[in-house]
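Here are the chains, one letter per residue:
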Amino acid sequence: MKKRRSIAAFAVVMAVTAAIPVFAAKDSDATTDAYIGYSQQSSSYVRGKAYASSANSKFKSINVTGTFYQGSTKKESGSSSATKKGYEAAWYTKDSTYSSSNSYSLNAASRTYYTDGTSSDQSYASASW
C-alpha cells in the first residue's frame, strides 16, 4: 500500500513539474542588426539588410526576419537562417527598387535554436533612412 502511494505521489509531482513553463532568455552570444544604405548599383536607391549570428556553445541554428517599411506602409518582409555557429543569417530587400529620396525603416528580429531543443527569446534591432 505504501509503495502505491509513493508511485501515485511521484506521478502527481511529475505532472505538476511538466506543466511549469520553461522561460527562455536572450542569447547573450548573438548579434542582431538592421542596416539601410545606398544600393551598390546606384546612389539613387537604397537597400535594407537584416542580419544575425551567434557564437553560443549550444548553437544549432539562428533565424532572422526582416520587415521593411516606406513610411508606415509595409513594402516587403522575409527571413533567413544559418546553421553554422558564427555564420551570418542575412535577409536583404530588393535591389534598385526603393528611391533614396523617400523615408524607410527596417525592423529585424532573430531567435537562436539550441542543440538541446530549446530556443532563445527574440532579439530585435531597427534602422531608418
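Keep in mind that this is a model prediction, so the values were computed, not measured.

Looking at the overall build of the protein chain
Assigned secondary structure in the protein chain consists of one helix and eight strands. Ordered by position from the N terminus, the helices and strands of the protein chain form the series α-β-β-β-β-β-β-β-β. The proportion of buried residues among the 129 residues of the protein chain is 32%. Nonlocal contacts in the protein chain, meaning residues at least 24 apart in sequence, comprise 60% of its contacts between residues at least 6 apart. Surface accessibility of the protein chain: about 8,300 Å² in total, with carbon and sulfur atoms responsible for 50%.

Re the sheet that holds strand 7 (residues 104-114)
The four strands lie next to each other as 4-3-7-8, forming an open sheet whose pairing is antiparallel. Both outer strands of the open sheet, strand 4 (73-82) and strand 8 (123-128), are each paired with one neighbouring strand and no more. Looking at each pair of strands side by side, their axes are set apart by 15 degrees on average, direction ignored. Where strand 3 (residues 59-70) and strand 7 come together, 11 bridges link them in antiparallel fashion. Bridging across to strand 7, Ile-62 finds its partner in Thr-112.

Describing the side chain of Ser-39
Along the chain, Ser-39 falls in the loop between strand 1 (30-38) and strand 2 (45-54). Among the polar contacts listed, one links the side chain of Ser-39 to the backbone nitrogen of Gln-41, at a separation of 3.0 Å. In terms of polar contacts, Ser-39 uses its side chain to reach the side chain of Asp-95, at 2.6 Å. Excluding its chain neighbours within four sequence positions, the residues that come into contact with Ser-39 are Tyr-45, Val-46, Arg-47, Asp-95 and Ser-96.

Quick look at the environment of Tyr-45
For Tyr-45, the location among the structural elements is in strand 2. Taking the C-alpha atoms as reference points, Tyr-45 and Tyr-98, separated by 53 residues in sequence, lie 5.3 Å from one another. With sequence-adjacent residues up to four places away left out, Tyr-45 is seen in contact with Gly-37, Tyr-38, Ser-39, Ser-96, Thr-97, Tyr-98, Ser-99 and Ser-100.

A closer look at the pattern of salt bridges
For the coordinates displayed, the defined rule picks out two salt bridges. When the shortest N-O distance is used, the salt bridge between Glu-88 and Lys-49 registers 3.1 Å. Linking Glu-88 in the loop between strand 4 and strand 5 (89-92) with Lys-49 in strand 2, this pair joins segments that are 39 residues apart in sequence. You can call Glu-88 partly exposed: its relative accessible area is 41%. Here Asp-116 ties to Lys-58 by a salt bridge, and the two come within 3.3 Å at their closest N and O atoms.

Rules used throughout
- Residues numbered from 1 in each chain as written.
- Predicted model: local features only at pLDDT ≥ 70, side-chain atom pairs only at ≥ 80, totals over all residues.
- Heavy atoms only, no water.
- Helix = DSSP H or I, 4+ residues; strand = E, 2+ residues; numbered from the N terminus.
- Buried < 20%, exposed > 50% of the residue type's maximum accessible area, 1.4 Å probe, protein only.
- Contact = heavy atoms within 4.5 Å.
- Areas by Shrake-Rupley, 256 points an atom, 1.4 Å probe, with all protein chains shown as cover.
- Pairing = 2+ DSSP bridges.
- Axes fitted to C-alpha atoms, helices over the stretch in contact; angles between N-to-C directions.
- Polar contact = N/O pair within 3.5 Å; in protein donor to acceptor, adjacent residues only side chain to side chain.
- Salt bridge = Lys/Arg side-chain N within 4 Å of Asp/Glu carboxyl O.

So yeah, pure geometry; function would need other evidence.
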